[in-house]
Amino acid sequence: MHLGIIGYGNIAQQLVTMLAAPKGPCPERITLLVRPERQEGTAQALADQPIAAQVVTQAQALADARPDLVVECAGHAGAAAHVPALLRAGIDVVLVSVGALADDALHDRLRAAAEAGGAHLILPAGAVGGIDLLSALSGGGEVELTYRGIKPPAAWSGTPAAQAIDLDAVTHATPIFTGTAREAARAFPKNANVAATLALAGPGLDATRVELIADPAASGNLHSYEVRSGIANYTMTIENKPSAGNARTSLATGYSVLREIRNRMMPVIL
Ligand SMILES: NC(=O)C1=CN([C@@H]2O[C@H](COP(=O)(O)OP(=O)(O)OC[C@H]3O[C@@H](n4cnc5c(N)ncnc54)[C@H](OP(=O)(O)O)[C@@H]3O)[C@@H](O)[C@H]2O)C=CC1
Ligand SMILES: O=C([O-])CC(=O)C(=O)O
């Protein structure tokens, strides 16, 4: 496999490290797309790992390299800037920044690009689980979904919560947002991709209720949700450990993307 990666932050670095480890299938080549000012530093960082790697700075250059699969790990703006051109070029893309789809215009643009290119936009489960069952239940009729995301106060820094309350002074679990999954994904682009993923697998971005909480007692990122439907009811709680490079991103996210990549390299998909 020739793998493309957009962005070289926390998730992308975790991915390259895991892919380069001597366990499990590994791509033959990686092409990374980073900002121009990051090109040299990224090339240097990649020199010490065993997978052949090149670094480009334009979506067109990544498309021209013809990777078999691209994973986007660059946030909502990075996804909007680069993913449409890749889909239009017929390249399948795993969109980690799922909350970017809360922008209807971008959602339409990505869908049209995938159709025009005959490519697929793949939404990974990311830091949450149970997407398979939720999506299956949604195919069978009406589904009700409520989601609650709990993170330590520091994980909400740089978000609207930091303007509304003093995060350093939070002493107990404090709600910082209630609303729809669409509102959450747009207001918390680095923290509510899970809400968007659940909503898209479930009753939709405007019909999914979301509560976000800052809790000094939280040791990681906790995602819990409740599903009610005519076919099955379930609740799920996931206690995620934070990733080393970015506390607001759960460690499991990189593993979920790794699964998407390796499923493309294996005769049996699971
Ligand atoms: N689906 C899920 O469950 C989850 C999804 N996410 C999503 O994944 C994203 C990435 O997470 P994480 O790796 O932890 O975040 P980081 O901030 O560590 O990494 C993001 C990287 O993307 C780069 N980037 C941003 N814009 C562009 C661009 N236009 N072109 C190229 N590179 C760009 C940044 O570079 P620079 O420093 O130069 O800006 C940075 O290196 C999050 O922003 C979030 O949207 C996160 C957690 C869970
Ligand atoms: O990684 C997580 O726990 C979830 C997250 O940041 C998001 O949903 O954007």
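For the structure itself, look to the data block above.
Conventions we followed
- Residues numbered from 1 in each chain as written.
- Chains lettered and ligands numbered in written order.
- Predicted model: local features only at pLDDT ≥ 70, side-chain atom pairs only at ≥ 80, totals over all residues.
- Heavy atoms only, no water.
- Disulfide = S-S within 2.5 Å.
- Buried < 20%, exposed > 50% of the residue type's maximum accessible area, 1.4 Å probe, protein only.
- Pairing = 2+ DSSP bridges.
- Helix = DSSP H or I, 4+ residues; strand = E, 2+ residues; numbered from the N terminus.
- Salt bridge = Lys/Arg side-chain N within 4 Å of Asp/Glu carboxyl O.

1. Points about the state of the cysteines
And then number 1: In the structure shown here, the tally under the stated rule is zero disulfides.
And then number 2: No disulfide involves cysteine 26; its nearest neighbouring cysteine sulfur is the one of cysteine 73, lying 16 Å away.
And then number 3: Residue classification places cysteine 26 among the partly exposed residues on the basis of a relative accessible area of 35%.

2. Digging into the sheet that holds strand β5 (residues 93–95)
Backbone-to-backbone hydrogen bonds join strands into a sheet, with any given pair of strands oriented parallel or antiparallel.
And then number 1: Read from one edge of the open sheet, six strands run β3-β2-β1-β4-β5-β6, paired in parallel fashion. The strands lining the two open edges of the sheet, one partner per strand, are β3 (52–56) and β6 (121–122).
And then number 2: Of the pairings in the sheet, the one linking strand β1 (residues 2–6) to strand β2 (residues 29–33) comprises five bridges and is parallel in character. Within β2, the position partnered with isoleucine 5 by the bridge is leucine 32.

3. Details of the pattern of salt bridges
And then number 1: All chains considered together, the criterion is met by six salt bridges.
And then number 2: For arginine 148, the salt bridge identified is with glutamate 211, shortest N-O distance 3.0 Å. Of this pair, arginine 148 sits in strand β7 (residues 143–151) while glutamate 211 sits in strand β9 (residues 209–214); the two residues are 63 residues apart in sequence, bridging distant segments of the chain.
And then number 3: Ionic pairing is found between glutamate 226 and arginine 228, a salt bridge with its closest N-O pair at 3.7 Å.
And then number 4: Glutamate 226 sits in the partly exposed class, given a relative accessible area of 34%.
And then number 5: By relative accessible area, which is 43% here, arginine 228 ends up partly exposed.
And then number 6: Overlapping salt bridges bring together Asp104, Arg182 and Asp206 as one network.

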